[in-house]
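Take a look at the letters that make up each chain.
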Amino acid sequence: MVQFERLLYVNFCKRITNGDENMKETIIFTRMMHAFHRIRKVNIVPNTGISKMEFLALQIIDKSKQEKNVSGIYVSELAKGLGIASSQTSRMLKGLEERKLIARIVDGKDRRNTCVFLTEKGREICKETQTYMKSYMCRVLKSMGEEQIEELIKLCNELADAMEKEANK
């Protein structure tokens, strides 16, 4: 047991004996949030100088090109795909553009729209990161085993269903 979890468990045991029945739910929730936080903190992007969000943006831009057979994607579409505001997306794109991973073109039909596309360097970084992440996830899956991964997927889906159900009440 991790030191943090051990401390929570000891605290939980003390409170249960003192009649604090709601403490069990609090401990479980805290342990669950701690586990999710640890997963989120793992740096799974190789040392390419891009963040997880920037990698996701590069992937969405690349996927848009492949699916729609167009050279790029509008900033508003990218923001929607990333689940963040257009202003945040524009700030991130500025950094990617400065590093020559993307380029922008103002739409000739509607000057309010900007189309973003990957440069050759951006495509290389995206492909390198994808290859690394596939290899990384294969190693993780191999280390855990297929049976445990299937159980984890099942439990995560059940948790998501329960959370969505409660959120919609």
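This text goes with the structure placed above it.
Now for a quick tour of the structure. (Residues numbered from 1 in each chain as written. Predicted model: local features only at pLDDT ≥ 70, side-chain atom pairs only at ≥ 80, totals over all residues. Heavy atoms only, no water.)

1. Concerning the packing of helix H4 (residues 75-82) against helix H5 (residues 86-98)
What counts, and what does not: Between N-to-C directions, angles cover 0 to 180 degrees, with each direction set by a line fitted to C-alpha atoms, over the stretch in contact for helices. Numbering of helices and strands runs from the N terminus, with a helix taken as a DSSP run of H or I at least four residues long and a strand as a DSSP run of E at least two residues long. Every angle not falling under 35 degrees, over 145, or within 65 to 115 is termed oblique; those three ranges are roughly parallel, roughly antiparallel and roughly perpendicular. Note on contacts: a residue pair is in contact if any heavy atoms of the two residues lie within 4.5 Å. Residues are grouped as follows: Ala, Val, Leu, Ile, Met, Phe, Trp, Tyr, Cys and Pro are nonpolar; Asp, Glu, Lys and Arg are charged; all remaining types, including Gly, are polar.
Following both chains from N to C, one finds H4 and H5 inclined at 105°, their axes separated by 9 Å at the closest point. Accordingly, the angle class assigned to the pair H4 and H5 is roughly perpendicular. Together, Val 75, Ser 76, Leu 78, Ala 79 and Leu 82 of H4 and Ser 86, Thr 89, Ser 90, Met 92 and Leu 93 of H5 make up the contact between the two elements. Among the residues making up the contact of H4 with H5, the classes are represented as six nonpolar, four polar and no charged.

2. Some words on the environment of Arg 104
For clarity, the threshold we go by: Here a polar contact is recorded for every N or O atom pair within 3.5 Å, except that within protein the pair must consist of a potential hydrogen donor and a potential acceptor, and residues adjacent in sequence are included only if both atoms are side-chain atoms.
Relative to the helices and strands, Arg 104 resides in strand S2 (residues 102-106). Placed 32 residues apart in sequence, Arg 104 and Gly 72 show a C-alpha to C-alpha distance of 8.6 Å. Beyond its immediate chain neighbours, meaning those up to four positions away, Arg 104 contacts Ser 90, Leu 93, Lys 94, Glu 97, Thr 114, Cys 115, Val 116 and Phe 117. Here the side chain of Arg 104 touches Glu 97 through a polar contact of 3.1 Å, side chain to side chain.

3. Quick notes on the sheet that holds strand S1 (residues 73-74)
Stated formally: By this definition, two strands are paired if DSSP reports at least two bridges between them.
Read across the sheet, three strands follow the order S1-S3-S2 without closing on themselves; strand pairing throughout is antiparallel. Taken across any chain shown, the strands that pair with only one partner, and hence form the sheet edges, are S1 and S2. Inspection of the sheet shows S1 paired to strand S3 (residues 114-118) by two bridges, in the antiparallel sense. Across the sheet, residue Ile 73 finds its bridge partner in S3, namely Val 116.

4. Brief notes about a negative patch on the surface
Under the convention used in this document: Patches here are clusters of residues that have more than 30% relative accessible area and form no salt bridge, with a 9 Å joining cutoff for like charges and a 5 Å cutoff for nonpolar side chains (Val, Leu, Ile, Met, Phe, Trp, Tyr). Under the convention used here, a 1.4 Å probe and the Shrake-Rupley method define accessible areas, while residue burial counts only the protein chains that appear. What counts as a salt bridge is simple: a side-chain nitrogen of Lys or Arg found within 4 Å of a carboxyl oxygen of Asp or Glu. Charged-residue counts in this description rest on Lys and Arg as positive and Asp and Glu as negative, His and the chain ends being excluded. Note that the charge is assigned to NZ on lysines, CZ on arginines, CG on aspartates and CD on glutamates.
The grouping of Glu 146, Glu 147, Glu 150 and Glu 151 at the surface amounts to a negative patch. Structurally, Glu 147 can be placed in helix H7 (residues 146-167).

5. Notes on unusual backbone geometry
Positive phi, close to 60°, is recorded for Lys 100, a residue that is not glycine. By secondary structure assignment, the location of Lys 100 is in the loop between H5 and S2.

6. Looking at the side chain of Thr 119
Checked against the element boundaries, Thr 119 lands in the loop between S3 and helix H6 (120-144). Separated by 2.6 Å, the side chain of Thr 119 and the backbone oxygen of Lys 100 make a polar contact. Among all residues touching Thr 119, those that are not within four sequence positions of it are Lys 100, Leu 101, Ile 102 and Ala 103.

7. Examining the nonpolar core
This is how it is decided: As used here, the term nonpolar core means buried Ala, Val, Leu, Ile, Met, Phe, Trp, Tyr and Cys residues forming a set that is joined through side-chain atoms within 4.5 Å. Buried means the residue's accessible area, taken with a 1.4 Å probe over protein chains only, is under 20% of the maximum for its type, while exposed means over 50%, and partly exposed covers the values in between.
Core analysis: the largest hydrophobic core is formed by 21 residues, its most contacted members being Ile 50, Leu 58, Ile 61, Leu 78, Leu 93, Leu 96 and Ile 102. Of all elements in the fold, only helix H3 (52-68), H4, H5, S3 and H6 reach the threshold of two or more residues within this core. The leading source of residues in this core is H3, at five residues. For Ile 50, the residues in contact, after removing those within four places along its chain, are Val 45, Phe 55, Leu 58, Arg 99, Leu 101, Ile 125 and Thr 129.

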